[in-house]
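Fold and geometry: a report
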Amino acid sequence: MIGKWLSLLFFLCLSAQTEAFAQNTDSIPSKKAAGQQVTSDGVVKDSARLADEARPRIAARRSAIVPGLGQIYNKRWWKVPLVYGGFVGIGLVYEFNQRYYKIFLKEAQYRQDDPTNANPDWAAYSDEGIIGIKDDYRRSRDLSILAGVAFYAVQIIDAYVDAKFFRFDVSNDLSLKVDPFIQPGTIYNAHTPSAATVGFRVKLSL
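How each quantity is defined
- What you see as residue numbers is a count from 1 along each chain, following the sequence as written.
- Local features in this predicted model are restricted to residues whose pLDDT is 70 or higher, and side-chain atom pairs enter the listing and the counts only when it is 80 or higher, whereas totals over whole chains, interfaces and linings include all residues.
- Each side-chain value is derived from all of the structure's non-hydrogen atoms; neither hydrogens nor water enter the calculation.
- Scored from 0 to 100, pLDDT reflects the predictor's confidence in each residue.
- To qualify as a helix, a DSSP run of H or I must reach at least 4 residues; to qualify as a strand, a run of E must reach at least 2; elements of each kind are numbered from the N terminus.
- Whether two residues are in contact is decided by their heavy atoms: any pair within 4.5 Å suffices.
- Here a Phe, Tyr or Trp ring, Trp counted by its six-membered ring, pairs with any other such ring whose centre lies within 6.5 Å, and the pair is stacked when the planes are under 30 degrees apart, edge-to-face when over 60, and tilted otherwise.
- The cut-offs for exposure are 20% and 50% of the maximum accessible area for each residue type, with area from a 1.4 Å probe on protein chains only; residues under the lower value are buried, those over the upper are exposed, and the others partly exposed.
- Patch construction takes residues with relative accessible area above 30% that form no salt bridge. Like charges are linked within 9 Å, and nonpolar side chains (Val, Leu, Ile, Met, Phe, Trp, Tyr) are linked within 5 Å.
- Working definition of accessibility: Shrake-Rupley area with a 1.4 Å probe, residue cover restricted to the visible protein chains.
- Any Lys or Arg side-chain nitrogen found within 4 Å of a carboxyl oxygen on Asp or Glu counts as a salt bridge.
- The charge count includes Lys and Arg as positive and Asp and Glu as negative, but it does not include His or the ends of the chains.
- In plain terms, the charge of a residue is placed at NZ if it is Lys, CZ if Arg, CG if Asp and CD if Glu.
- Nonpolar cores were defined as sets of buried Ala, Val, Leu, Ile, Met, Phe, Trp, Tyr and Cys residues, with membership established by side-chain atoms within 4.5 Å.

Counting all residues, the mean pLDDT for the chain is 75, and 58% of those residues have values of 70 or more. Predicted confidence in the chain is weakest over helix 1 (residues 2–26), with a mean pLDDT of 47, and strongest over helix 5 (residues 127–164), with 95. Note that residues 9–14 has pLDDT below 50 and, in this model, zero contacts with residues that lie over four places away or in other chains. Segment residues 16–32: pLDDT under 50, and four contacts once partners within four positions in sequence are set aside and those in other chains are kept.

Shown next, in the form of structure tokens:
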């Protein structure tokens, strides 16, 4: 008889625990709401934060597709003329070196194949001098191409960094104050007083 009562009591306790566990499981709120994202470490990011984190990638991608488009996306309109001005300047340098490279290349070829077709304007230069000038213009032309590629990468990096600090706090609350100070010396005894300490006090307000 006692065994039956113990079995019944154990069954009732087990049923109560199961029901309580089911209620607790159902009552756990969802961490992910509309427009939110939960990272692997449990951090919940709302739509505004997700949009801010996506800005650098979008700006860099737009600048990679069309130079200056990332700067427009960041609302840095004044940088667009600088971007295209840089490309125009590099293009003019390339055109100048390419044009004179072809001129001296033809001169070198004429002197080697048919000296009668050589340009009299370059008669004062030796064959080695013409070849050296031709190589210099070719080298400068190749460097201008590398400069164009580097400038293309720089404007992408500029768009990315500018978007990265788009919401960076640069308000007047940020301040750095440096003040000089003099700390009086400590007198240990009448014969060996310590000297005063001179220094600077730095205060950063965030």
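Having seen the model, we can carry on.
A few words now on the packing of aromatic side chains. The full count for this structure, using the stated rule, is seven aromatic pairs. With centroids separated by 5.0 Å and ring planes inclined at 85°, the aromatic side chains of Phe87 and Phe151 adopt a geometry described as edge-to-face. Of this pair, Phe87 sits in helix 4 (residues 79–113) while Phe151 sits in helix 5; the two residues are 64 residues apart in sequence, bridging distant segments of the chain. By relative accessible area, Phe87 is classed as partly exposed at 25%. Exposure remark for Phe151: the relative accessible area of 24% places this residue in the partly exposed category. Measuring from centroid to centroid gives 5.8 Å for Phe104 and Tyr137, while their planes differ by 15°, and the two rings are stacked. With a gap of 33 residues between them, Phe104 in helix 4 and Tyr137 in helix 5 connect regions that are remote in the sequence.

This paragraph deals with a positive patch on the surface. Together, Arg57, Arg61, Arg62 and Lys164 make up a positively charged patch on the protein surface. The dominant element in the positive patch, judged by the number of residues it contributes, is helix 2 (residues 47–65), at three residues. Here Arg62 shows up in helix 2.

It is worth spelling out unusual backbone geometry at this point. In this model, Lys75 sits at a positive phi of 60°, which is unusual for a non-glycine residue. Classification of Lys75 by relative accessible area gives exposed; the value is 58%.

A separate point is the nonpolar core. One finds Tyr101, Phe104, Ala108, Trp122, Ile130, Ile133 and Tyr137 forming the largest nonpolar core, which totals seven residues. For this core, the secondary structure elements donating two or more residues are helix 4 and helix 5. With sequence-adjacent residues up to four places away left out, Tyr101 is seen in contact with Lys134, Tyr137, Arg138 and Arg141.

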